[in-house]
Amino acid sequence: MNDIASTLRTFVRENFLFGQDTPFSDDDSFLGLGIIDSTGVLELVALLEKQFEISVADDELVPENLDSINNLVRFIQRKREKHEPAAAAAQV
Amino acid sequence: MCGMAGIVHFDGSPVDRGLVERMLGAIRHRGPDDRGLRIEGAAGLAHARLSIIDLEGGRQPMSNEDGSLWITFNGEIFNYRELREALQAKGHRFATRSDTEVILHAYEEYGEDCVRRFNGQWAFALWDVRQKTLFLSRDRLGVRPLFFATVGGKFLFGSEIKAIFAHPDVVRELDPIGLDQVFTFWCPVAPRTVFRGVCELPPAHNLVVSQTKFRLASYWRLDYREDVGRTSEVCAEQALALLSDATRLRLRSDVPVGAYLSGGLDSTITTALARRATSGTLRTFSIAFEDAEFDESDYQRVAVEALQTEHRAIRCRLDDIGRVFPDVVWHAERPLLRTAPAPMYLLAQLVRGEGFKVVLTGEGADEMFGGYDLFKEAKVRRFWAARPDSDARARLLERLYPYLPNLRASSLAYRKAFFHVRPEDVSSPWFSHLPRWELTSRLKLFFSREWQAELAGRDAYADCLAMLPEAFARWRPFCQAQWLETALLLPGYILSSQGDRMAMAHAVEGRFPFLDYRVAEFAAALPTRLKMRGLDEKHVLKRAAAGLVPPAVLARSKQPYRAPEAKCFVRPLGEPSRHEYVDELLSPRRIRDDGVFQPEAVQQLLRKAQSGVPLGIKDNMALVGILSTQLLIERFLRRFEPSASAIAPSADEADRGGFSAAEGGGLSVWSATEAAAVS
């Protein structure tokens, strides 16, 4: 959980804030901070798919899933929970 | 169409002829056909000529009959023939067929108000020998440029800032407030420029300078009071009649006139009107992009076939943009957030190479007739904000920016978030421009700590508040958006960085039928509901164009002119940059030395661009903005070598034994002109 959040924080800091030490909390909305646009959303999706091996469906592209560190963490965990039982079943 | 420069010494010291020559030398590219210089008392006026009207008689600086008035003039007064007749009827006698002489006589007859009678695009300086007063004027919408500065008791002016910087007394440094404006509005707000102490005469302004006075006054303003009660059909008929006449006047020339033809509605209209008004071959020119996302070749072909023009296109590749970008910034004289001027620079080069000095363009139609996506966005946002719970209204957001692939992929929930309207925004005078300005202002994140500290607490929007006309609050929101676009971006970017400066880099004059002041006044007063009917942009203009342009061009969805950006400069990680200057100017050492940006942030941005992820609008703007600012510092502050970039003298000029370094700046042509004038 902490690993996920810290990976996400590093990504946001490097990709959207260009290393600037602008303070932001895990609950702050990226949109509210003005650091994300339509391309930024796709960058987040690319990160989730590549780094966290999660596939994101079109109807999941909503701020509730993607618009803060905590929203992302919850979304990732939810996706993994759904995914893992299926994967376990497949191994049997 | 030309370049001009000059100086007035109000401190009583004699004018140094060599210095005036040097100032003019910095803008030689604007007028390779001839040069002239006149020292008259405290004033030195110089002129580099691009001969278009009255090739023999139109040499400048020019005086009236008794030598009491001297003028140096860049531009065209298109209604000069009618003005000339009127002045002749009042007893004025003309020695030439030029429009320049018309200005002199009109000034004699009507004084400073003469400019209200001009239909044209001009910047001029007129020295009144008896009054010891310099009268400067600039056209209504800012087609032709005019910059000035005062140093000690000297007043300097020029068509470009280079001319002013060529004077050794001028200190060359950046103005943080000017840069703050660029990184908010995309352009500085005249009279401010990005260089400290250098001013730009705002469009539709006169400036009178003498030893005791410095009077800046506006002589014209657009009025958006609606002239209601007309049907769309009547408006379309009137628009077509006015545009036809505006085009007819802009074909007045003693050299052939060509046309830019982008494949969009606006330039297809101006080309079609030119086609109707001329017999014989009409030559047209366009840009084609290697990158299909930006290319409009298919529509260009449709227009060319329908209008039967003889067409040439320049094919623009990523490397071409990167290659010419340093020269583009040198000519634009301000940071650029877009690369779009670069293809315009290449296009002008093509036009000049084909032997053309004059082109018609469709610029101005989006401002005047309501075509920009920003207008549509503002309309939808305001409509939605009135009923924020309405999903039907929110879904109109899906019709915005269909050509931006990343936005197209966004969910409605995200669109709502991107275009979110805060309750307090609704009453803002720049409601329409808030999303753009806020997005652009985010680029200031890259400013160095010193610059951020210097600009802390500054409200760039307040600069705009100061320029709003008194009537602004009474106009409809759509018209307010039009006014902002016409007052800021049109002169500050479209007509300058993308217009005059790119074309004149190659001595090509643009002419703009949509910016005829009669067209502008007519379009401003159109019933607002007809400007954008529903979400149908430029509704009246489209109606006027039916039967004039091919149906496919009329029916196509609007695609704004854009060009590839960061990828013109940056290659994937591990490979060298596409162009050496990019590595050098963006290196941490240079960024630190120049002091405007933060080296670490710039490195991070570069890494992101090199990683191969497609960059969004903001990141692209950041990279182009930072690189162009660094180029500006390199070319204007660190080393300033105007002659190195000047184009070679034409063969014609060499024949006449004019200007050449070998003669040590000996100006035989000028001397002859002056000898004739004095005797």
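Just so we're clear, the structure is a prediction, and the values are computed from it rather than from any experiment.

Rules and cut-offs
- Residues numbered from 1 in each chain as written.
- Chains lettered and ligands numbered in written order.
- Predicted model: local features only at pLDDT ≥ 70, side-chain atom pairs only at ≥ 80, totals over all residues.
- Axes fitted to C-alpha atoms, helices over the stretch in contact; angles between N-to-C directions.
- Helix = DSSP H or I, 4+ residues; strand = E, 2+ residues; numbered from the N terminus.
- Parallel < 35°, antiparallel > 145°, perpendicular 65-115°, else oblique.
- Contact = placed C-beta atoms within 7 Å.
- Nonpolar A, V, L, I, M, F, W, Y, C, P; charged D, E, K, R; others polar.
- Pairing = 2+ DSSP bridges.
- pLDDT = per-residue confidence, 0-100.
- Left-handed = near helix turned anticlockwise from the far one by under 90°.

Visitor: Even after reading the chapter, I still don't get the packing of helix α9 (residues 318-332) of chain B against helix α10 (residues 341-353) of chain B, so can you show me in this structure?
Guide: Any two packed helices are characterised by how steeply their axes cross, that is the angle between the axes, and by the distance between the axes. Residue and element names in this part refer to chain B. Two elements in contact, α9 and α10, have axes whose closest approach is 8 Å; the angle formed by their N-to-C orientations is 90°. Comparing their axes, α10 and α9 come out roughly perpendicular. Where α9 approaches α10, its residues D320, I321, V324, F325, D327, V328 and A332 are matched on the opposing element by P341, A342, P343, Y345 and L346. Taken together, the residues of the contact of α9 with α10 break down into ten nonpolar, no polar and two charged.

Visitor: Looking at this model, I keep getting lost on the interface of chain A and chain B. Mind explaining?
Guide: Interface size is commonly expressed as the accessible surface area that is lost when the partners come together. Facing the 19 residues of chain A at the interface are 23 residues of chain B. Taken together, the elements giving at least two residues each to the side of chain A that touches chain B come down to α1 (2-15) and α3 (38-51) of chain A. Top contributing element to the side of chain A that touches chain B by residue count: α3 of chain A, with seven residues. Across the side of chain A that touches chain B, the residue classes tally to eight nonpolar, seven polar and four charged.

Visitor: It is not clear to me how the sheet that holds strand β10 (residues 199-200) of chain B should be interpreted in this structure. Could you clarify?
Guide: Strand pairing in a sheet relies on backbone hydrogen bonds, with the paired strands running either antiparallel or parallel. All names here are of chain B. With antiparallel pairing, six strands are arranged side by side in an open sheet as β2-β3-β1-β9-β8-β10. The open sheet terminates on both sides in strands that have one partner only, identified here as β2 (34-40) and β10. Strand direction decides the pairing type here: strand β1 (residues 2-9) and strand β9 (residues 154-158), joined by five bridges, are antiparallel. If you follow I7 over to β9, its bridge partner there is L156.

Visitor: Teacher, can you tell me more about the confidence of the model for chain A here?
Guide: Should the pLDDT be low somewhere, the predicted coordinates at that spot are not to be read in detail. All names here are of chain A. Scored by pLDDT, chain A comes out at a mean of 86, with 88% of its residues at no less than 70. Averaged over each element, pLDDT in chain A is lowest for helix α5 (residues 69-91) (78) and highest for helix α4 (residues 63-66) (94). Contacts for the low-pLDDT stretch residues 88-92, under 50 throughout, to residues beyond four places or in other chains number zero contacts.

Visitor: Any chance you could explain the packing of helix α2 (residues 80-89) of chain B against helix α3 (residues 99-110) of chain B here in plain terms?
Guide: All names here are of chain B. The geometry of α2 relative to α3 is characterised by a closest axis approach of 10 Å and an angle of 45° between their N-to-C directions. By the criterion of interaxial angle, the relationship of α2 to α3 is oblique. Once α2 is placed against α3, the crossing between them reads as left-handed. Contacts between α2 and α3 involve Y80, L83, R84 and L87 on the former and, on the latter, D99, V102, H105, A106 and E109.

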